[in-house]
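Working through the structure, step by step
Okay, here's what each chain looks like letter by letter:
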Amino acid sequence: MEYSHVLIILACLLILDLLFLAVMLWRYPHWTKFIKLQRLQKQLLQGNPLIAASIVDLCITMNDFHPSRNPKLYVGMQNNLGLAYSELQTGNRATNLARAIDCYQEALRFQTAKAEPYYYGEIQINLGLAYYRMPTGDRIANLTKAIACYQEALRFWTAKTKPQKCAAVHHNLGLAYYSLPTGDRIANLTQAIKHYQEALRFRTVQRAPLDYALTQNNLGLVYAKLPTGDRATNLNQAITCYQEALRIWTAKDAPFNYARVVSNIGFAYHSMPTGNRTTNLNLAIACYKDSLRFWTVNNAPFAYAEVYNKLGIAYYDMPTGDQATNLNRAISCYQESLLFWKPKTTPLDYALVQNNLGLVYAKLPTGDQATNLSRAITCYQEALRFWTTETDPYFCRLVNRNLANLYFLKEDWQMAFEIYQIAIKAGERLYQAGLSPESKTAEIVDDADTYRHAAFAAARWGKPTEALLILEQGKTRLLSETLRLGTPRPAEVPDEIWAAFEHAGSLVRILEPSRGAAVLSEMNDLVESYKTREQLLRSANATLDAAIERVRIYAPDFLQSIDITTIRSLIPDEQTVFIAFCITDKGCISLIVYRSPDQDVQAVEVLNFTRTRLRHIFQHKDSNGKVIGGWLKSYNRFLDKGDFDEWKQTMDNTLKWLGQNLCQNISQALPQSIKKIVFLPSSELFLFPLHAALLSPTQRLCDYYQISYAPSLDVLAHVQKRMIPGMIPDLYAVINPEEDSDLVFTPIEGMAIARLFANSQVVKGQEGTKQSVLTGIRGHTYVHFSCHGHYHWDDPTKSALIVADGHLTLADLQREIALTAKTCLVTLSACETGIIDTAKGSAEEYVGIPAGFMIAGVPCVLNSLWSVPDLSTSLLMERFYQNHLEGGMDFAAALREAQLWLRKINVQEVEQYVEQCYQRSGQTDIILYDYLRRYRSLAKENPNLCPYAHPYYWAAFIISGTPRHISIDSWGQSK
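Predicted model only: the values in this text are computed from it and were never measured.

Turning next to the confidence of the model for the protein chain. Residue-level pLDDT values for the protein chain average 82, and 81% of them are 70 or greater. Across residues 513–527, confidence stays below pLDDT 50; counting only partners more than four residues off in sequence or on other chains, it has 23 contacts. Scored below 50 in pLDDT, residues 967–975 makes 27 contacts in the model with residues more than four places away or belonging to other chains.

Encoded structure:
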């Protein structure tokens, strides 16, 4: 073809393009504006919010465009206008988003799913995002509408048809679940993680780099907020996600998004529980200031306000430098935020800053203190205008707790108590919304201090009975609920009434997460899944409550809420008292309960025994949170490095401190008629042998009193009902299932105890497999484990007794063991079987191996608080069973006498015992012979030596459970 012909063809094509453009401009006068609109929209989606105002102005000039002329273009214009209003950084935020919603809804009048399903789905997701961002109105309703829009979009945007669009929907569902203020918090955040991870299947660096960065940023936000698992691990995972986002969002290419991620990294450093606190906060402040290079008053006022709020929190938390200077910087930052976060436009953010301001004024050391406290109260009250128990129970609990803490510091006990009650009500709403043990545990941990402070305030207000009851309300919630479902049948209840109760209880069990989740997880609509499960649980619990009421017609006291009359009825005699501890940083109040209704609950104040000091004694940490001393550190050094002298010295110092600072005050307050104490410990006190506390250089608490322990009064009431008198004692014993040659006295102990029973089943060595034990222990009145055990600090449910083929864990006990009501005692002659969770959860929940057996139906457990030596343990156990079975002593009395006896036994008596063991072995056991030589040598050097006088050898063992007297006569003769 000649060159001239080519030119002619090109000229014709150009003329046709010009004619087409002329026709379009004549037919559609806004055509050029549409082209410009598309270009501006692209810039908006790339993260430039300044373009939003230009889009709004452009669309306003096109407002004469009628949908009848071209409905498709009209729908596009309304969608674009909605996007612009959603991103608009000027004017009233709520008004802008309301206009955006109107635009999307107007677009949906003409854009149906049938006509163009994919574009319909796009508008639905934009509408959902506007509802999600709405700062005013019913937050829960807005988020529910957002989720409904996203779910509607998923009808058309599937992984097969529109993978990137589908990823966008999952991303936004993650946003919605992350933000839900009600329901199961952990379940919501877990769903958010799942949605973001689903989005990342398609949002990769190669396919969709900008979307990849956005989802990684938001996934980081979820990990930073997750209340379960290791906190530092979660935050490091969050930082990893943020750093992934910064691979795409650089300061040069996406400055506004870069600022967002850097701000989030700052908050992760701010929240980090490990490392140097000051260093972490300075890193956070540097990140916040870096983000302010791009987020300015003019281009991003709301984001600017957010960063200043975070800066204020960082200065408030700064542990070094001049406190007043740091706090005044925090006030300045919060006031800067309030220039843009207003009650009408951003009420929830405004409330957040008011709460934070309240915290600063309450802590400010300069100026008139009364004025500062008055300002703090005003700030909290202002925040509570927007956060109620119904609309946002989490923040309602937070602010009311802060306000109550302020009155607590002022020692206005009545106001503190009344406001703590509001916080407790909000916390109860969150607890009841939890659909898993993990979710409920997270709420329990958050509420633990509130119950303690409320009880302390009630006691100081002069209401010790109310203090006791509210303290008990906050303890062993999950354990009590489990025990509630296994309550034994009262004799007078008819068969059909009891069958209805058991059926109702089974419905609740079926809906527990391990069972019900599998059924409901098949539902595609996750919101409906939660709602369905919540409705089923509420219905099941309502059915259970109705069944309980029918049982009460025949047994009025059946599963009644515990009151002071019920508590007194649990005390076996006039010589016994219950003592509960309420420990705060204002001091400790010991609440003493007597059997006689003529004696009021007695409050004994020990104001120098504080929560901070107790934690310091248990686990001494430096300013960076590193453990450098204390009871637990010394114990771990003993286990890891064999530092026995340090462990004994730490034990001596701790027991002396407990005696001087706590137990002496209690002993002095008790009448001389009191001989027996049931301790109801709190927090780290669960892990200390209070019975061994030194009252004088030579006398311990157990020298004066018989002592046992109970996790809570509610649990005590449940397990006490399970006791059935008149049963003939029989024994099931598991002896050294690992066949550890170091446990040379363990088989001797087991056989000696077995000889005290007319009927016994002894499982030795490799016979003691996990399955044989789980099956074999059922139906026996006494169960004895003589083996290794350990406590798992990182995951208490993995705490275990060591059997022949593995570990019999707390999780196994909770899941598989169902002992009969015959079982009256489980003895755990093993290491660390009495330790409960104080690190990962709340000590008040009593998460440990003893609780596993109580759930299985055991009213009393004998267990240990630390790793115990073999020989002294065997001597103690034999003496305990002799005292109980032959001497007719109850469990607590039998253990006390055995411990007093072991303390005073001299080395010659130990030598005789070892020699008897050696002779019974046929004089062939080399290890026994080594023991014999050692104790012979000690006896020659110092025949009056008492080798087991130190509490290391005897004080580890405690009785947990009912203090009721169980004499051998009421259980049948043993021989």
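Extensive coverage of strand 8 (residues 730–735) is indicated by the burial of 6 of its 6 residues. Neither face of strand 8 is open: one carries Asp730, Tyr732 and Val734, the other Leu731, Ala733 and Ile735, and all of them are buried. The pairing of strand 8 with strand 9 (residues 759–764) spans 6 bridges and is parallel. Across the sheet, Ala733 pairs through a bridge with Val762, a residue of strand 9. Once the chain exits strand 8 it traverses helix 31 (residues 746–754) before rejoining the sheet at strand 9, and the crossover so formed is right-handed. Of the pairings in the sheet, the one linking strand 8 to strand 10 (residues 782–786) comprises 5 bridges and is parallel in character. Residue pairing across strands places Ile735 opposite Ser786, the latter belonging to strand 10.

A few words now on the packing of helix 15 (residues 323–338) against helix 16 (residues 347–363). Each pair of packed helices can be summarised by the angle the axes make with each other and by the distance between the axes. Across the interface, helix 15 lies against helix 16 with an axial gap of 10 Å and an inter-helix angle of 160°. Here helix 15 lies roughly antiparallel to helix 16, going by the angle between them. Crossing of helix 15 over helix 16 shows left-handed handedness. For the pair helix 15 and helix 16, the contacting residues are Gln323, Leu327, Ala330, Ile331, Tyr334, Gln335, Ser337 and Leu338 in the first and Tyr350, Val353, Gln354, Asn356, Leu357, Val360, Tyr361 and Lys363 in the second. For the contact of helix 15 with helix 16, a count of residues per class yields 10 nonpolar, 5 polar and 1 charged.

Ranked by internal contacts, the top residues of the largest apolar core, which has 154 residues, are Tyr150, Tyr334, Leu468, Phe578, Leu591 and Val593. When residues in this core are grouped by element, the largest group, 10 residues, is from helix 14 (residues 301–317). If near-sequence neighbours (up to four positions away) are discounted, Val593 is found in contact with Leu468, Ile564, Ile567, Arg568, Ile571, Thr576, Val577, Phe578 and Val601. Grouped together as the second largest cluster of nonpolar side chains are 93 residues, Phe618, Tyr635, Ala733 and Leu928 included.

Compared with an ideal rise of 1.5 Å per residue, which puts 14 residues at 20 Å, helix 36 (residues 891–904) spans 20 Å between its outermost C-alpha atoms and is within 8% of the ideal. With 10 of 14 residues buried, helix 36 lies mostly within the body of the structure. Between a side-chain oxygen at the N-terminus of helix 36 and the backbone nitrogen of Ala892 the separation is 3.2 Å; the capping residue is Asp890.

Between its terminal C-alpha atoms helix 38 (residues 926–941) stretches 23 Å, which fits the 22 Å expected from 16 residues at 1.5 Å a residue. Taken residue by residue, helix 38 has Leu928, Tyr931, Leu932, Tyr935 and Ala939 as its buried positions. Seen along its axis, helix 38 keeps its buried residues to an arc of 100°; they face one direction. Seen from the buried face of helix 38, the exposed residues on the opposite side, beyond 90 degrees, are Ile926, Lys940 and Glu941. Against the buried residues of helix 38 lie helix 31, helix 35 (870–886) and helix 37 (907–920). Sitting at the amino-terminal end of helix 38 is Asp925, which places a side-chain oxygen 3.0 Å from the backbone nitrogen of Ile927.

What the rule picks out here adds up to 36 aromatic pairs. Aromatic side chains Phe644 and Tyr952 sit 4.8 Å apart centroid to centroid with 65° between the ring planes, which places their arrangement in the edge-to-face category. Here Phe644 is found in helix 29 (residues 644–669), whereas its partner Tyr952 is found in helix 39 (residues 951–954), with 308 residues between them in sequence. Here Phe644 falls in the partly exposed class, since its relative accessible area comes to 22%. The lysine or arginine in question, Lys225, covers the ring of Tyr178, its NZ or CZ lying 4.6 Å from the ring centre.

What follows concerns unusual backbone geometry. Of note, Glu739 is a non-glycine position whose phi angle comes to about 55°, a positive value. Its place among the elements puts Glu739 in the loop between strand 8 and helix 31. With a phi angle near 55°, Gln923 is a residue other than glycine that sits in the positive phi range. With respect to the helices, strands and loops of the structure, Gln923 is situated in the loop between helix 37 and helix 38.

Let us look at the environment of Gly806. Structurally, Gly806 is set in strand 13 (residues 806–809). When the C-alpha atoms of Gly806 and Pro737 are compared, they prove to be 9.7 Å apart, with 69 residues separating the residues in sequence.

What counts as what
Within every chain, residues take consecutive numbers counted from 1 along the sequence as written. In keeping with the model being predicted, local features are shown solely for residues with a pLDDT of at least 70 and side-chain atom pairs are shown and tallied solely at 80 or more, while totals for entire chains, interfaces and linings include all residues. Side-chain measures were taken over the full set of non-hydrogen atoms in the model, leaving aside hydrogen atoms and water. You can read pLDDT as the predictor saying how much it trusts each residue, on a scale of 0 to 100. Note on contacts: a residue pair qualifies if any of its non-hydrogen atoms lie within 4.5 Å across the two residues. Throughout, exposure labels follow a simple rule: accessible area from a 1.4 Å probe, protein chains only, divided by the maximum for the residue type, with under 20% read as buried, over 50% as exposed, and the rest as partly exposed. Numbering of helices and strands runs from the N terminus; a helix is a DSSP stretch of H or I covering at least four residues, while a strand is a stretch of E covering at least two. In short, DSSP must find at least two bridges between two strands for them to pair. When the strands point away from the viewer, a crossover counts as right-handed if the path from the first strand over the helix to the second runs clockwise. Note on method: axes are straight lines fitted to C-alpha atoms, helices fitted across the in-contact stretch only, with angles between N-to-C directions ranging 0 to 180 degrees. In these notes the angle categories are as follows: under 35 degrees is roughly parallel, over 145 is roughly antiparallel, 65 to 115 is roughly perpendicular, and the rest is oblique. The crossing is said to be left-handed when, going from far helix to near helix, the turn is anticlockwise and less than a right angle, and right-handed when the turn is clockwise. Amino acids outside the nonpolar list (Ala, Val, Leu, Ile, Met, Phe, Trp, Tyr, Cys, Pro) and the charged list (Asp, Glu, Lys, Arg) are all regarded as polar, and Gly is one of them. Nonpolar cores were defined as sets of buried Ala, Val, Leu, Ile, Met, Phe, Trp, Tyr and Cys residues, with membership established by side-chain atoms within 4.5 Å. To estimate the expected span of a helix, count its residues, drop one, and scale the result by 1.5 Å. By the criterion applied in these results, polar contacts are pairs of N or O atoms within 3.5 Å in which, for protein atoms, one can donate a hydrogen and the other can accept it, and in which residues neighboring in sequence qualify only through two side-chain atoms. As used here, the arc belongs to the directions running from the helix axis to the C-beta atoms. Pairing of aromatic rings covers Phe, Tyr and Trp, the last counted by its six-membered ring, and requires centre-to-centre distances within 6.5 Å; plane angles under 30 degrees mean stacked, over 60 mean edge-to-face, and any other angle means tilted. The rule is short: NZ of Lys or CZ of Arg within 6 Å of the ring centre and within 35 degrees of the ring normal puts a charge over the ring.

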